[in-house]
Amino acid sequence: MHQVALCGAVQFGPHRTNLYNLREEVFTVASVTYEHVTKRFGDVAAVVDLDIHIKDREFLVFVGPSGCGKSTSLRMLAGLEEITEGTIKIGDRIVNNVPPKDRDIAMVFQSYALYPHMTVFDNMAFGLKLRKTPKDEIRKRVQEAARSLGIEDLLDRRPRQLSGGQRQRVAVGRAIVREPAVFLMDEPLSNLDAKLRVEARAEISRLHHRLGTTFIYVTHDQTEAMTMGSRICVLSAGVLQQLDSPQNLYDFPDNVFVAGFIGSPAMNFRRATVKQENGTLVVDTGDFSVVVPPERARQFPDAAGKEVIFGIRPEDIHDPQYVPSGVHTANIPVDVDVVEEMGNEKIVYVRDSEKRDLTPLVARIDPRSRPVIGEKVEVALNMDNVNMFDAATEKTLWVGEKHPTDW
């Protein structure tokens with residue numbers, strides 16, 4: 001662990017002074033390390049050789065489909081699941097055999113787990129009362145946390161009298177007053193409607209910035225992951241696929257799984273052969289053939305002569321009338337299959353007119369476009385942003401420098 005000075009921030013960690021009266025004081029926050037951690041349930045491996053370091057004050061998100069091991073990874077850190085192999089550290093302290101109550105963490109669950117017979121105040125204060133915290137200190141912490149979350153007028157209510165968004169804030173407030181070194185959140189927004197989820201995402205991000213401590217967050221929603229995380233840990237079948245910043249995951253996916261999971265709608269894929277023709281790199285999918293511009297081709301130095309999985313994101317497929325300036329494009333003929341009007345854009349599904357059995361390409365096009373279902377049109381592929389993956393290993397063939405990241 002290391003020490004950080006923040007003005008007016010909440011103090012976390014084992015060496016704490018007054019929680020809400022800090023001014024230009026030094027406090028301790030915690031990093032988290034998974035060292036080759038594996039968790040098995042019988043013969044089933046839920047997490048396989050997870051080896052990552054989460055830095056002090058970082059907001060790390062575990063993301064992946066159901067059953068990928070993200071909640072299990074969080075529960076092992078919390079002490080709610082035993083580790084089969086490996087080591088977990090909070091700061092420099094190995095916590096494999098440390099009881100959950102002594103790990104200096106606070107967890108917010110999907111269900112919020114509020115006591116229905118208690119008021120909001122008592123729900124938030126319950127953990128402090130168990131620790132024999134003085135009454136004046138409990139009241140101060142609860143009132144300050146409630147004020148920061150905008151729920152100070154709800155302290156006398158019971159959970160049944162609250163909306164879903166208010167319950168979510170109470171659960172977060174209960175974690176804040178604990179003064180944890182690490183916040184753990186297991187899909188805390190999944191019970192909210194779409195509008196409340198957007199608002200709650202922003203609230204949690206502001207809270208992380210204000211408190212300046214370590215947040216570890218689990219979600220299956222890649223939009224949540226992209227908008228909240230300083231880094232994102234993408235899991236599939238218990239195996240780490242990529243750990244990177246949101247922008248690097250989007251621009252430089254390590255494999256087909258990450259490329260297809262990050263982004264909505266998902267990246268389009270076609271199996272293809274790459275050829276070198278007259279000094280240019282050509283991708284032949286069977287239903288269309290496109291030339292990769294020289295600058296992009298240099299980033300795939302080993303692609304020529306290989307069977308690949310060609311990938312292009314929906315936002316890189318345009319109506320030829322509305323292609324952004326400076327973009328190298330390749331036009332291909334298609335039939336319009338489905339049009340989804342979104343107001344600020346159109347989601348259009350198009351197919352090769354001769355190969356109706358193929359999965360359609362999905363395009364996000366300019367709202368000024370007027371595609372008509374059944375008509376034959378051309379779409380323009382932005383060849384500056386195409387991806388290629390080895391067809392056998394599904395790993396990227398891209399070579400180059402990623403965007404720099406603070407983490």
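Residue indices follow the written sequence of each chain, beginning from 1 at its first position. Totals for whole chains, interfaces and linings use all residues, but because this is a predicted model, local features are given only for residues with pLDDT of at least 70 and pairs of side-chain atoms are given and counted only at 80 or more. Processing note: side-chain calculations cover all non-hydrogen atoms of the structure and skip hydrogens and water entirely.

**So, the nonpolar core**
Next, step 1: Residues belong to a common nonpolar core when they are buried Ala, Val, Leu, Ile, Met, Phe, Trp, Tyr or Cys residues joined through side-chain atoms within 4.5 Å. Each residue is placed in one exposure class: buried if its accessible area under a 1.4 Å probe, protein chains only, is under 20% of its type's maximum, exposed if it is over 50%, and partly exposed if it falls in between. Among the nonpolar cores identified, the biggest contains 45 residues, and M124, V142, I176, I204, F215 and Y217 are the most heavily contacted of them.
Next, step 2: Whether two residues are in contact is decided by their heavy atoms: any pair within 4.5 Å suffices. In contact with V142, other than residues within four places in its own chain, are F121, M124, A125, L155 and V177.
Next, step 3: If you look at the next biggest cluster of nonpolar residues, it comprises 31 residues, including F300, I312, I332 and I365.

**Overview of the packing of helix α4 (residues 164-176) against helix α5 (residues 194-211)**
Next, step 1: Contact pair α4 / α5: the axes reach a minimum separation of 11 Å and the direction vectors enclose 15 degrees. It follows that α4 is roughly parallel to α5 by the angle criterion. Both α4 and α5 take part in a crossing whose hand is right-handed. Here G165, Q168, R169, V172 and I176 of α4 come into contact with α5, specifically with L196, A200, E203, I204, L207 and L211.
Next, step 2: Considered class by class, the residues forming the contact of α4 with α5 number 7 nonpolar, 2 polar and 2 charged. To obtain each axis, a line is fitted to C-alpha atoms, and for helices this fit is confined to the stretch in contact; angles are then taken between N-to-C directions over 0 to 180 degrees. Numbering of helices and strands starts at the N terminus; helices are DSSP runs of H or I of at least 4 residues and strands are runs of E of at least 2. Roughly parallel refers to an angle under 35 degrees, roughly antiparallel to one over 145, roughly perpendicular to one between 65 and 115, and oblique to any angle outside these ranges. By convention, the crossing between two helices is left-handed when the near helix turns anticlockwise from the far helix through less than a right angle, and right-handed when the turn is clockwise. Under the scheme applied, nonpolar residues are Ala, Val, Leu, Ile, Met, Phe, Trp, Tyr, Cys and Pro; charged residues are Asp, Glu, Lys and Arg; polar residues are all the others, including Gly.

**Overview of the environment of V258**
Next, step 1: Its place among the elements puts V258 in helix α8 (residues 256-261).
Next, step 2: For V258, a relative accessible area of 0% puts it in the buried group.
Next, step 3: Along the chain, V258 and R231 lie 27 residues apart, while their C-alpha atoms are 14 Å from each other.
Next, step 4: Dropping the residues within four chain positions of it, V258 is found in contact with V234, Q241, Q242, L249 and P253.

**A short note on the packing of aromatic side chains**
Next, step 1: Paired rings are identified among Phe, Tyr and Trp, the last through its six-membered ring, by centres lying within 6.5 Å, and are further divided according to the angle between planes into stacked (under 30 degrees), edge-to-face (over 60) and tilted (the rest). Within the structure shown, the criterion is met by 9 aromatic pairs.
Next, step 2: Between F183 and F215, the aromatic rings sit 4.7 Å apart at their centres with planes inclined by 40 degrees, giving tilted as the arrangement. On the criterion of sequence distance, the pair formed by F183 in strand β9 (residues 182-186) and F215 in strand β10 (residues 214-219) is long-range, its members being 32 residues apart.
Next, step 3: On the basis of an interplanar angle of 70 degrees and a centroid distance of 6.3 Å, the ring pair of F269 and F389 is categorised as edge-to-face.

**Digging into α4**
Next, step 1: Spanning 13 residues, α4 covers 19 Å between terminal C-alpha atoms, matching the ideal 18 Å at 1.5 Å per step.
Next, step 2: Those residues of α4 lying buried are G165, Q168, V170, A171, V172, G173, R174, A175 and I176.
Next, step 3: Tucked into the core, α4 has its buried residues touching β8 (105-108), α2 (120-130), α3 (135-149), β9 and α5. Multiplying 1.5 Å by the helix residue count minus one yields the expected span of that helix.

**Description of unusual backbone geometry**
Next, step 1: The omega angle of the peptide bond from S264 to P265 is -5 degrees, so this bond is cis rather than trans.
Next, step 2: Within the element layout of this structure, P265 appears in the loop between α8 and β13 (268-277).
Next, step 3: Positioned with a positive phi, Y112 is a non-glycine residue whose angle comes to about 70 degrees.
Next, step 4: Looking at the secondary structure, you find Y112 in the loop between β8 and α2.
Next, step 5: For Y112, a relative accessible area of 5% gives the class buried.
Next, step 6: Residue E394 is not a glycine yet carries a positive backbone phi of 65 degrees.
Next, step 7: With respect to the helices and strands, E394 occurs in the segment after β22 (387-390).

**As for the pattern of salt bridges**
Next, step 1: Salt bridges are identified by distance alone: a Lys or Arg side-chain nitrogen within 4 Å of an Asp or Glu carboxyl oxygen. Inspection of every chain in the model, using the stated rule, returns 23 salt bridges.
Next, step 2: Put simply, D287 and R270 hold a salt bridge, and the shortest N to O gap is 3.9 Å. In this pair, D287 sits in the loop between β14 (280-284) and β15 (289-292) while R270 sits in strand β13, placing the two residues 17 residues apart along the sequence.
Next, step 3: Judged by its relative accessible area of 16%, D287 is buried.
Next, step 4: The class for R270 is buried, based on a relative accessible area of 10%.
Next, step 5: Salt-bridge contacts for R364 lead to E345; the nearest nitrogen and oxygen are separated by 3.0 Å. Separated by 19 residues along the polypeptide, R364 in strand β20 (residues 361-365) and E345 in the loop between β18 (329-341) and β19 (346-351) bring together distant segments of the chain.

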